[in-house]
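Spelled out from the first residue to the last, the chains are:
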Amino acid sequence: MDKTLAWLWLADAVGSACQNARDLLALYPDPEALYEALCAGREAPPCLRDLPDMPLVLYVTGESACLNGHRYVGMVGTRRPSAYGRQAAFDLSLEMAKQGAVIVSGLADGLDSEGHRAAVEAGTPTVAFLGTAIDTTYPAANVKLRPPGYQGKQKGTFLARNRLIAGLSEVLCVAEARIRSGTLNTVSHAESLGRPVLAVPGSIYSAQSQGTNELLRSGRAGVLCQAADVLACMGVESESAAPEQSAFAVEQTSPDAQAVYAALGPTPKG
């Protein structure tokens, strides 16, 4: 690249009155060298190129190679899940990870964490798109990722990162969500990109399942009861299909068992 053209490119790239211009030139005194270094970097995941507002740069910690060349499943849901939602997110993610899927989520509290935790237990890669600066993990209990410092705009970044979760995922799974939830924002992104959405049915008495049940009722999502549902949606045959289970009939149990079942009701007890 011509030297003058390189300076013009840099000036246009950083914009006028760039606050970090001096620091940038301290690292790369020659803009041509900076341009060549950027050109030599890894390409963004091909799936994210579908986004009209695709990220121009991805900051990554860990093994960046896992961002390409795998089968990706998004697992999202409420940050305040029930025991049922936690178990469903973990068990489904664990089985999909064992079948070779890379679990994609947002490292948030609740069901995001269950998806990542299941992948770690399975010993498989997992991808987390953060809604914070990459050296600031929220919640702090999930702190593991520490790339470069960032002092720029952070307002709206949690919603903005949802498009990346939907974009990388071949199928988006919703384990549990309220009727008004950031999870449904991720669902909207998946729909706009033509990604299939599957939702775990929940109790009609549970507020945490109102969002997932509405997705199913309105036809916006297919039913997710086992990992094979997701793998079939991806065109992948499950290696270990779940054995058929006979339907439970409370009337076939003892009178004492029927009394206990009636007392428990449809919602989890603490």
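Whatever comes next refers back to the structure up there.
Below is a summary of the structure that appears in this document. Just so it is clear, the model here is predicted, and its values are computed rather than measured.

Each value, and the rule that gives it
- Residues numbered from 1 in each chain as written.
- Predicted model: local features only at pLDDT ≥ 70, side-chain atom pairs only at ≥ 80, totals over all residues.
- Heavy atoms only, no water.
- Phe/Tyr/Trp six-rings, centres within 6.5 Å; stacked < 30°, edge-to-face > 60°.
- Helix = DSSP H or I, 4+ residues; strand = E, 2+ residues; numbered from the N terminus.
- Buried < 20%, exposed > 50% of the residue type's maximum accessible area, 1.4 Å probe, protein only.
- Salt bridge = Lys/Arg side-chain N within 4 Å of Asp/Glu carboxyl O.
- Core = buried A, V, L, I, M, F, W, Y, C linked by side-chain atoms within 4.5 Å.
- Contact = heavy atoms within 4.5 Å.
- Pairing = 2+ DSSP bridges.
- Right-handed = clockwise from strand over helix to strand, strands pointing away.

It is worth spelling out the packing of aromatic side chains at this point. Taken as a whole and assessed by the stated rule, the structure comprises one aromatic pair. Ring geometry for Trp-9 against Tyr-35: centres 5.1 Å apart, planes inclined by 85 degrees, an arrangement best described as edge-to-face. Pair noted here: Trp-9 is in helix α1 (residues 3-14) and Tyr-35 is in helix α3 (residues 31-39), with a separation of 26 residues, a long-range link.

Even without glycine at this site, Leu-107 takes up a positive phi of about 55 degrees. On the secondary structure map, Leu-107 appears in the loop between β2 (101-105) and α5 (111-122). Exposure remark for Leu-107: the relative accessible area of 11% places this residue in the buried category.

Within the structure shown, the criterion is met by ten salt bridges. Between Lys-3 and Glu-32 there is a salt bridge, with its nearest N and O atoms 3.8 Å apart. One end of the pair, Lys-3, is in helix α1; the other, Glu-32, is in helix α3, and 29 residues separate them in sequence. Taking the shortest distance from any N to any O, the salt bridge between Arg-71 and Glu-170 comes out at 2.7 Å. Placement of Arg-71 in strand β1 (residues 71-76) and of Glu-170 in the loop between α6 (157-168) and β4 (171-174) is noted, with a sequence separation of 99 residues between them. For Arg-71, a relative accessible area of 34% puts it in the partly exposed group. When salt bridges that share partners are traced, they join Lys-3, Asp-30 and Glu-32 into one network.

Turning to the nonpolar core, a few remarks are in order. Among the nonpolar cores identified, the biggest contains 25 residues, and Val-127, Phe-129, Leu-168 and Val-174 are the most heavily contacted of them. Contributing elements (two or more residues each) for this core: β1, β2, α6, β4, α7 (182-192) and β5 (197-199). For this core, the element with the most residues is α6, which contributes four residues. Leave out the neighbours within four places in its chain, and Val-174 touches Val-76, Thr-183, Val-187, Val-197, Leu-198, Ala-199, Val-200, Thr-212 and Leu-215. Formed by 20 residues, the second largest nonpolar core is a distinct cluster that contains Met-75, Met-96, Ala-101 and Leu-224.

Moving on, we get to the environment of Ile-179. Here Ile-179 shows up in the loop between β4 and α7. Sequence-wise, Ile-179 and Ser-209 are 30 residues apart; in three dimensions their C-alpha atoms are separated by 7.8 Å. Not counting residues up to four positions away in its chain, the partners in contact with Ile-179 are Leu-184, Gln-210, Gly-211 and Glu-214.

Below, the discussion takes up the pairing of β1. For β1, a buried count of five out of six residues is recorded, marking the element as mostly surrounded by other parts of the structure. Where β1 and β2 come together, four bridges link them in parallel fashion. Bridge pairing in β2 links Tyr-72 to Val-102. A crossover links β1 with its parallel partner β2, the connecting element being helix α4 (residues 83-98), and its sense is right-handed. Strand direction decides the pairing type here: β1 and β4, joined by four bridges, are parallel. Residue pairing in the sheet places Val-76 in a bridge with Val-174 of β4.

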